[in-house]
Amino acid sequence: MSTELGRVEDLPPDYYNGLRSRNMMPLWPSLRAALPFDMPSRRTKPALWRYRQEVRPDLMRAGELTPIEKAERRVLVLCNPGLGLDELKATPTIYIGLQLILPGESAPNHKHTPSAVRFVVEGKGGYTVVRGEKLPMHRGDLILTPPGMWHEHGHDGNEPVVWLDALDLPLVYGVEASYCVDGHKSQVITDPLNSSAVRFAQGGVVPYATLNRPRGDYPMLRFAWNNVRSTLVELARVTPLGQAVHLAYVNPETGRECMPTLGFSAIMLRPGEEVRLPRRSSSAVFHVVEGGGSAAIDGEVLTFEEADTLAAPTHATIVLSNASKTAPAFLFMVDDAPMQRKLGFHEVFDR
Ligand code: 1HN
């Protein structure tokens with residue numbers, strides 16, 4: 001049915017106001033807004049945050065202005081201009097922040113209901129402790145802090161360390177389930193050797209004992225960028241040009257998504273390559289690990305450089321281009337497809 005539905009103005013004011021006073025509303029004046037035909041209405045805008053000229057200087061200034069004790073987590077949050085600055089949303093479900101930790105600083109132990117990951121942007125010597133595992137943070141590494149898992153950050157080096165935080169905070173906050181527990185003291189490091197990243201370093205083989213026990217939810221908490229990058233380079237050799245060279249980060253014991261609500265993946269754009277991603281119902285954030293180029297998101301062209309971050313609304317058309325004729329470009333991608341798949345409405349479109 002696509003007929004014009006009744007409006008509020010069509011109702012006697014005393015009837016409408018009476019409904020409101022009894023905490024009721026008629027559906028039909030709002031039905032088309034709540035359930036538009038064929039395509040959701042989206043407030044999220046295609047957006048770009050430039051690291052070198054904009055985010056980094058503001059973040060370093062935060063390092064001068066706000067001691068870590070006064071911040072707990074020293075973070076600048078990337079806010080989608082279509083969603084309002086107070087919402088702390090890069091997309092309707094994805095929170096993105098850039099966190100700075102200076103030499104000698106630490107960020108105390110806590111756990112919370114939202115899922116979080118870290119993706120390292122710059123600096124040597126940072127580490128995160130999750131579940132007693134001391135996880136080194138090298139540029140491009142992905143570190144998981146699953147819901148309800150203790151985590152704290154530290155810094156053994158001598159230069160600023162910056163990473164990107166991605167959380168499902170808007171989703172968890174939206175269902176009024178977001179809260180945190182303070183750890184009061186640091187974790188005891190029971191695994192100083194980052195052994196999970198070592199055990200699962202090679203795809204296709206897993207420690208034998210894995211076969212004799214139930215699949216673990218989070219067997220691997222750190223995904224080293226050097227492995228992901230070299231696998232992309234190999235995958236590029238067997239992937240036709242114009243087809244996305246795209247790897248998903250998965251739980252190595254199940255082969256499925258590594259976190260419950262957010263999905264993580266990495267894309268390589270070969271020199272001069274242009275790739276049209278399949279249009280999907282999920283929203284997404286891209287972070288540039290290496291190289292430069294442009295992203296046409298719903299037709300809006302955004303030119304990116306290394307360490308920039310971009311946001312794309314649900315259902316967006318996305319075309320990625322590498323500006324260099326000689327060097328590859330690498331992007332890290334966060335989306336909310338795992339949440340949409342679990343809720344049963346994730347879609348991939350032909351065009
Ligand atoms: C959090 O736990 C961290 O642990 C960073 O570094 C940012 C934003 C909202 C809620 C929790 C962290 C966060 C956060």
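Here's what I pulled together on the structure shown here. (Residues numbered from 1 in each chain as written. Predicted model: local features only at pLDDT ≥ 70, side-chain atom pairs only at ≥ 80, totals over all residues. Heavy atoms only, no water.)

So, on to the state of the cysteines. This structure, assessed with the given rule, holds zero disulfides. Cys79 carries a free sulfur, and the closest cysteine sulfur to it, the one in Cys180, is 20 Å from it. Relative accessible area serves as the criterion here: at 13%, Cys79 is assigned to the buried category. (Disulfide = S-S within 2.5 Å. Buried < 20%, exposed > 50% of the residue type's maximum accessible area, 1.4 Å probe, protein only.)

The next point concerns the packing of aromatic side chains. Under the counting rule described, the total for this entry stands at six aromatic pairs. Considering the side-chain rings of Trp225 and Phe330, the 6.0 Å spacing of their centres and the 90 degrees angle between planes classify their relative orientation as edge-to-face. Here Trp225, found in helix H6 (residues 225-237), pairs with Phe330, found in strand E21 (residues 329-335); they are 105 residues apart in sequence, far enough to count as distant. We classify Phe330 as buried; its relative accessible area is 0%. Here the aromatic rings of Phe264 and Phe332 are separated by 6.2 Å at their centres, their planes lie at 5 degrees, and the arrangement is stacked. Taken together, the positions of Phe264 in strand E14 (residues 263-269) and Phe332 in strand E21 put the pair 68 residues apart, joining distant regions of the chain. Assigned by exposure class, Phe264 and Phe332 land together as buried. (Phe/Tyr/Trp six-rings, centres within 6.5 Å; stacked < 30°, edge-to-face > 60°. Helix = DSSP H or I, 4+ residues; strand = E, 2+ residues; numbered from the N terminus.)

Take the pairing of strand E6 (residues 126-130) next. Within a regular beta strand, the side chains point alternately toward one face of the sheet and then the other, so they alternate between its two faces. Of all five residues in E6, five are buried, a share of seventy percent or more. Along E6, one buried face is formed by Gly126, Thr128 and Val130 and the opposite face, lined by Tyr127 and Val129, is buried too. Here five bridges tie E6 to strand E9 (residues 151-155), and the two strands are oriented antiparallel to one another. Bridging across to E9, Val130 finds its partner in His151. Pairing between E6 and strand E7 (residues 133-136): four bridges, direction antiparallel. (Pairing = 2+ DSSP bridges.)

So, about the sheet that holds strand E10 (residues 161-167). Sheet strands pair by backbone hydrogen bonding; their relative direction is either parallel or antiparallel. Read from one edge of the open sheet, six strands run E2-E3-E10-E5-E8-E12, paired in antiparallel fashion. On the outer flanks of this sheet lie strand E2 (75-77) and strand E12 (222-223), each paired with one strand and no other. Packed onto the sheet, helix H3 (residues 51-65) meets E2, strand E3 (95-101), strand E5 (116-122) and E10 and runs at close to 55 degrees relative to E3. (Contact = heavy atoms within 4.5 Å. Axes fitted to C-alpha atoms, helices over the stretch in contact; angles between N-to-C directions.)

Around the ligand, the neighbouring residues are Arg73, Tyr95, Gln99, His110, His112, Arg118, His151, His153, Asp165, Leu167 and Leu169. Arg73 has a polar side-chain atom sitting 2.9 Å from an oxygen atom of the ligand. Within the side chain of His151, a nitrogen or oxygen atom sits 3.0 Å from an oxygen atom of the ligand. At the level of elements, E3, strand E4 (106-112), E9 and E10 are the ones that each hand at least two residues to the shell around the ligand. (Near = heavy atom within 4 Å. Polar contact = N/O pair within 3.5 Å; in protein donor to acceptor, adjacent residues only side chain to side chain.)

Purely geometric numbers; function is a separate question.
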